[in-house]
Amino acid sequence: MVISSNVEPPSLALHPRNPLRRIFGSLRAYATFLCAVLIVTLFIAVFLSAAPQLRLIESIICSNYYRENDRRIFNENGNIPEQYCKVDSIQEELAFLNGFQTLFSNIPGVLLAIPYGVLADRYGRKIILVLALLGLTLSFSWILFVCWFALPIKLTWLSAAFLMLGGGVQMLIALILMVLADVTPADQRTTAFFQLQACVLFAELVAPPLSSVLMSHNVWTPLLIALVIMVLVLLIACALPETRGLEVANTEPSNSSGEEQEGDERISRPNLETSTRKNSNSHRDIMTFLRQDINVTLLVAIFLVITIGRQTTMLLLQYVSKRYDWSLAKSSLLLSLRAGFNLALMLAGLPVLTSLIITKWKMSTTERDLYISRTSACLVTLGFLGIAIAPNPSLMIIALIVDTLGSGFGASTRSLATTMVHPSNIGKLYTSIAVFDTLGALVGGPSMSLAFQWGIKLGGGWIGLPFLVLAILSTVVTVVVFMVRLAPTASYEPLNGEEAPGQTGEEDSLLASGPR
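Figured I'd write up the structure that's included with this text. If you're wondering where the values come from, they're calculated on a predicted model, not measured in any experiment. Residue numbers here run from 1 along each chain, matching the order of that chain's written sequence. This being a predicted model, a pLDDT of at least 70 is required before a residue's local features are given, and a value of 80 or more before pairs of side-chain atoms are given or counted; all residues contribute to the totals for chains, interfaces and linings. Note: side-chain values were computed over all heavy atoms of the structure, leaving out hydrogens and water.

Here, the term disulfide refers to a pair of cysteine sulfur atoms separated by no more than 2.5 Å. Summed over all chains, the structure comprises 1 disulfide. Linked covalently through their sulfurs, Cys-62 and Cys-85 form a disulfide whose S-S length is 2.3 Å. Since a negative S-S torsion denotes a left-handed disulfide, the Cys-62-Cys-85 link at about -90° is left-handed. Residue Cys-62 is located in helix H2 (residues 27-69), and its partner Cys-85 is located in the loop between H2 and helix H3 (88-123); the two are separated by 23 residues in the primary sequence. Grouping residues by exposure puts Cys-62 and Cys-85 together as buried. Between Cys-199, a cysteine without a disulfide, and Cys-35, which holds the nearest cysteine sulfur, the sulfur-to-sulfur distance is 9.8 Å. Throughout this description, buried means an accessible area under 20% of the type-specific maximum (1.4 Å probe, protein chains only), exposed means over 50%, and partly exposed covers the range between. For Cys-199, a relative accessible area of 15% gives the class buried. Here a helix means four or more residues in a row that DSSP labels H or I, a strand means two or more in a row labelled E, and each is numbered from the N terminus.

All right, on to the packing of aromatic side chains then. Here is the rule: rings of Phe, Tyr and Trp (six-membered ring for Trp) pair when centre to centre is within 6.5 Å. Planes less than 30 degrees apart are stacked, more than 60 are edge-to-face, and the remainder are tilted. Per the stated rule, a full pass over the model turns up 13 aromatic pairs. When the centroid spacing of 5.5 Å and the interplanar angle of 25° are considered together, the rings of Trp-142 and Phe-145 count as stacked. In this pair, Trp-142 and Phe-145 are both assigned in helix H4 (residues 125-148), 3 residues apart and thus about one turn of the helix distant. Using a relative accessible area of 38% as the deciding quantity, one classes Phe-145 as partly exposed.

Another point: the packing of H4 against helix H8 (residues 220-238). Axis definition: a line fitted to C-alpha atoms, over the contacting stretch in the case of helices. Angles run 0 to 180 degrees between N-to-C directions. The geometry of H4 relative to H8 is characterised by a closest axis approach of 9 Å and an angle of 165° between their N-to-C directions. By the criterion of interaxial angle, the relationship of H4 to H8 is roughly antiparallel. As for how H4 packs across H8, the hand of that crossing is left-handed. Contact residues: Lys-126, Leu-129, Val-130, Leu-133, Leu-134, Leu-136, Thr-137, Phe-140, Ser-141, Leu-144, Cys-147 and Trp-148 in H4; Trp-220, Leu-223, Ala-226, Leu-227, Met-230, Val-231, Val-233, Leu-234, Ala-237 and Cys-238 in H8. In terms of residue class, the contact of H4 with H8 is built from 19 nonpolar, 2 polar and 1 charged. For classification purposes, angles smaller than 35 degrees are called roughly parallel, those larger than 145 roughly antiparallel, those between 65 and 115 roughly perpendicular, and all remaining angles oblique. Rotating anticlockwise by less than a right angle from the far helix to the near helix defines a left-handed crossing, while the corresponding clockwise rotation defines a right-handed one. In this description, contact between two residues means that some pair of their heavy atoms is separated by no more than 4.5 Å. Note on residue classes: Ala, Val, Leu, Ile, Met, Phe, Trp, Tyr, Cys and Pro are nonpolar, Asp, Glu, Lys and Arg are charged, and everything else, Gly too, is polar.

Taking 1.5 Å of rise per residue, 13 residues should cover 18 Å, and helix H17 (residues 393-405) covers 18 Å from first to last C-alpha, within 8% of that figure. Of all the positions in H17, only Met-396, Ala-399, Leu-400, Ile-401, Asp-403 and Thr-404 are classed as buried. With a side-chain oxygen lying 3.2 Å from the backbone nitrogen of Ser-394, the N-terminal cap of H17 falls on Asn-392. Between the first and last residue of a helix there are one fewer steps than residues, each counted as 1.5 Å, and that sum is the expected span. We define a polar contact as two N or O atoms separated by no more than 3.5 Å, with the added condition that, inside protein, one atom must be a possible hydrogen donor and the other a possible acceptor, whereas residues neighbouring each other in sequence contribute only through side-chain atom pairs.

Function-wise, these values are silent; they only describe arrangement.
Pasting the structure below:
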């Protein structure tokens, strides 16, 4: 049955006596509002605590170092000025700790994504979402506990054990996307996901300046505020309605058969749910699928590098602080700068470029995605190279902006790969991408931290080695993207206004925004 856009299906209507009906009018509006609030408050806590947490761990390593080497560095309050903490051995240990913290924090999501996805389908999204938030809150609390009581700093790695509750931030984002997909018609999901990404960028825009001001007075202040906000997010999640089992029809009529409609609905779900429903595919099926089309295989392999690049947010702060003698509070403002350009790109740049490509240059959807992927790959390569070799902060900031202009690379590449395969192979495609995402998540943190340690040992401009490595990998990716050739026959195009799965790159974008 086709539902008019201004009529709410019974399953999504609030009870007439429910006081929320006067404010939101429908369960759909209520759930969407709470998802937006959850994302904004959660990522405010994340970005509020990113630089202070890095500085806190740095100060502990610094204190241990000078307690053994030169106690005269301590001031009358028993503290050490930040500029004395930029010596090579301290920064190497800090990079080592953060690199393996990233590795351990990714393991629960890798191991438990599919099981928790199955549980979310069986018992509901809300209970798993609350569990994931509880795990994140306990994980962050453990890090603060270790630092407050001056326990051995490597005990912070145990914080990853709490992420077994709910699967960590990857699972949390996937669950929020599931809720949105449950209550949003397919032809409106692209808009909903873009709005959710705008919420993340808003949090990244406002939180780092506030964090910078607060940590300049006391590093614990923004951390404790972030903890309170995370508890608040947990309480907000308890008010989220359960959306499992709600069926939302397209607002556009469809001439497709019932079987085709079922397939379209299935592939328009967020990535994790798609892979959850397709978890019966064996590794042999995936390998057979990847051998069918070298173009798709190349595009899937690209996600290994994309995911490694996403692991460098915290490393960027440490690198800038070390190379240019910036405080971590000042370095954190780069996150706001990046968010501002990302927001402008999303709201103005990409829509204008897409309109030009389709209307003026008469490209198809697949040709558009390929063009954007190639352009973005070039920008990302230049951005990483510029960050690696920039001799001064001004050139580094320009390089960071260039890198940000290529932030649509993951979304366009996912969309391109999606339009190049038959709908019956969507599950295999997404599972294949998930495999390379997993590999990137596991090797990205340790490999980049080891490259940074090696760069520090080599000295001079080699300190930018991790970003030089990323530039080399991105060059390879750029060559790969330019090797992709489109078939002369028409590729799969979304029907009746439905977005192609992954077209917005919603999960890629949200994960890319969080510090690693």
